[in-house]
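Take a look at the letters that make up each chain.
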Amino acid sequence: MTDRAPAEISPILLGAALLGTGLLLRQWHPKALSLPERPDRPHRDRGMRRAARKTRDGIARVLPSNMTGSLGRTLAIMGAGLVMVRLLDMAVDEQEHLF
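Note that the coordinates shown come from a computational prediction; the quantities given were computed from them, not determined experimentally.

**Quick look at the overall build of the chain**
- When helices and strands are counted, the chain shows three helices and zero strands.
- Each helix and strand of the chain, placed in order from N terminus to C terminus, yields the pattern α-α-α.
- The C-alpha atoms of the chain give a radius of gyration of 22 Å, which is well past the 13 Å a tight globule of 99 residues would have.
- Across its three principal axes, the chain shows a C-alpha extent of roughly 70 × 25 × 15 Å.
- Looking at the chain as a whole, 21% of its 99 residues are labelled buried.
- Of all intrachain contacts in the chain linking residues separated by at least 6 positions in sequence, the fraction that spans at least 24 positions is 79%.
- In the structure as shown, the chain presents an accessible area of about 8000 Å², 63% of it carried by carbon and sulfur atoms.

What follows is the structure, given as structure tokens:
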């Protein structure tokens with residue numbers, strides 16, 4: 001092993017930690033971070049209140065139902081990407097290394 005060994009392996013270790021943390025977060029769904037279900041009832045609002053409700057409902061539709069799932073997915077993708085970049089970096093010519 002050379003003096004560069006810790007620097008060469010640290011992105012892999014960090015990527016594995018991010019990936020593991022992301023996978024754990026994807027399994028954990030605390031109620032405090034869940035969006036409430038929309039009630040199924042008729043709406044009688046008009047004007048600006050209706051526009052505000054429709055906008056709120058549109059934003060809520062694209063958000064994940066539980067925020068930890070979204071955060072976990074992001075961390076897992078970042079971790080897997082970091083590990084893949086480092087492993088591929090080890091396969092390229094020495095002068096072309098990024099890390």
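**With respect to the pattern of salt bridges**
- In total, this model carries four salt bridges according to the counting rule given.
- The salt bridge partner of R53 is D57, with a shortest N-O separation of 3.8 Å. Of this pair, R53 and D57 both sit in helix α2 (residues 47-62), four residues apart, roughly one helical turn.
- Judged by its relative accessible area of 12%, R53 falls in the buried class.
- Residue classification places D57 among the buried residues on the basis of a relative accessible area of 8%.
- Note that D89 is salt-bridged to R86, the shortest N-O span being 3.0 Å. One end of the pair, D89, and the other, R86, are both in helix α3 (residues 67-91), three residues apart, so they sit about a helical turn from each other. We note that D89, like R86, is buried.
- Residues joined by salt bridges that share partners form a network here, namely D45, R53, R56 and D57.

How each quantity is defined
- Residues numbered from 1 in each chain as written.
- Predicted model: local features only at pLDDT ≥ 70, side-chain atom pairs only at ≥ 80, totals over all residues.
- Heavy atoms only, no water.
- Helix = DSSP H or I, 4+ residues; strand = E, 2+ residues; numbered from the N terminus.
- Rg over C-alpha atoms; globule rule 2.2 N^0.38 Å.
- Buried < 20%, exposed > 50% of the residue type's maximum accessible area, 1.4 Å probe, protein only.
- Contact = heavy atoms within 4.5 Å.
- Areas by Shrake-Rupley, 256 points an atom, 1.4 Å probe, with all protein chains shown as cover.
- Salt bridge = Lys/Arg side-chain N within 4 Å of Asp/Glu carboxyl O.

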